[in-house]
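Coordinate inspection notes
Listed below are the residues making up each chain.
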Amino acid sequence: MIETEDCCGKKHNKRGRILAISPHCDDINEGAGGLILKLLANQWRVDILYCLKENHDAIDANAKKYGYNYKFLQGPDGKFYNTNWLNENISKDYNPTYRRRLSSRGDAQLQDIIKKIVEEVYAPKNDPSIHYDMVLVPTSDYHGDHKLVNQACLSALRSYKNSIVLYESPRYTNSNWCYDKKTFSPNSYLGIDIFQNEKNEWCKSFFDDRKRDKKIKYLEVVNTMKHLAAVRGDGTDNRFAEKFQYLSHNMDNMFKG
């Protein structure tokens with residue numbers, strides 16, 4: 001991971017450490033941006049692992065602006081994954097529009113991804129005393145790439161002892177609920193009132209790479225997610241909130257120190 005002083009120009013005494021796994025460049029900030037910003041404000045070290053290499057310039061600028069560290073997932077051959085790879089190599093179990101002649105390669109590629117995630121979760125190997133207090137995992141939905149990353153993460157984390165937390169894919173919240181026997185059952189809500197506007201700006205940072213029609217559509221998505229966060233905040237002490245599902249919980253001192 002890129003060291004914090006390289007991203008921010010200064011060192012911090014970190015209170016905790018989190019690994020957030022994001023299928024695409026914008027999934028983590030859309031689904032858990034408030035949590036990430038809150039942890040950063042509480043002097044946590046945040047490492048984000050992007051499964052696809054895309055929008056590198058925007059990601060690098062965001063890392064410097066917000067103070068997180070990032071890395072792109074690499075295959076065993078050292079190459080980075082991209083959207084074309086997903087469309088061509090995921091088996092029919094993850095991608096309904098897969099190409100039949102390539103389906104046999106999907107399972108092998110999934111095993112490669114699992115192995116690489118295991119390496120990231122249990123890193124750094126040179127200092128076993130340094131570990132992640134929490135790993136954030138994307139939910140599964142009807143998108144093949146999200147479904148694959150979700151299963152790869154859960155397979156890689158079978159022996160993980162600290163907190164494993166699923167975060168919502170807010171663009172596909174209905175599919176999270178009804179697809180694949182309800183794979184997302186939130187049991188925790190986090191208020192993000194003072195971070196909501198900053199989260200919106202983080203989401204908007206990817207506008208420059210989009211054509212005008214897509215930019216307008218994506219702006220509507222960002223606004224919709226803000227309204228959804230307001231729905232999540234209803235019934236809590238906050239106006240805006242994000243929802244999560246704890247699969248394992250060892251966070252009694254979440255904001256320790």
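Before reading on, note that the structure itself is shown above.
An account of the accompanying structure is given in this report.

Scoring rules and cut-offs
- Residues numbered from 1 in each chain as written.
- Predicted model: local features only at pLDDT ≥ 70, side-chain atom pairs only at ≥ 80, totals over all residues.
- Heavy atoms only, no water.
- Phe/Tyr/Trp six-rings, centres within 6.5 Å; stacked < 30°, edge-to-face > 60°.
- Helix = DSSP H or I, 4+ residues; strand = E, 2+ residues; numbered from the N terminus.
- Buried < 20%, exposed > 50% of the residue type's maximum accessible area, 1.4 Å probe, protein only.
- Lys NZ or Arg CZ within 6 Å of the ring centre and 35° of its normal.
- Expected span 1.5 Å × (residues − 1).
- Bend = angle between axes of the 7 residues up to and from the residue.

Within the structure shown, the criterion is met by five aromatic pairs. When the centroid spacing of 5.9 Å and the interplanar angle of 40 degrees are considered together, the rings of Tyr 50 and Phe 72 count as tilted. With Tyr 50 in strand E2 (residues 45-50) and Phe 72 in strand E3 (residues 69-72), the pair connects residues that are 22 residues apart, well separated along the chain. For the pair formed by Tyr 50 and Phe 72, the shared burial category is buried. Residues Tyr 66 and Trp 202 carry aromatic rings whose centres are separated by 5.3 Å and whose planes lie at 35 degrees to one another, so their mutual orientation is tilted. On the criterion of sequence distance, the pair formed by Tyr 66 in helix H3 (residues 56-66) and Trp 202 in helix H8 (residues 196-204) is long-range, its members being 136 residues apart. For the cation-ring pair, Arg 17 lies above Tyr 132, with the distance from its terminal atom to the ring centre recorded as 4.5 Å. For the cation-ring pair, Lys 53 lies above Phe 80, with the distance from its terminal atom to the ring centre recorded as 4.0 Å.

The subject of this paragraph is helix H2 (residues 27-41). The end-to-end C-alpha distance of H2 is 20 Å, a good match for the 21 Å that 15 residues give at a rise of 1.5 Å each. Of all the bends in H2, the largest measures some 80 degrees and sits at Gly 33. Within H2, 13 of the 15 residues are buried, which leaves the element mostly enclosed by the surrounding structure.

Spatial relationships are all this shows, so hold off on functional conclusions.
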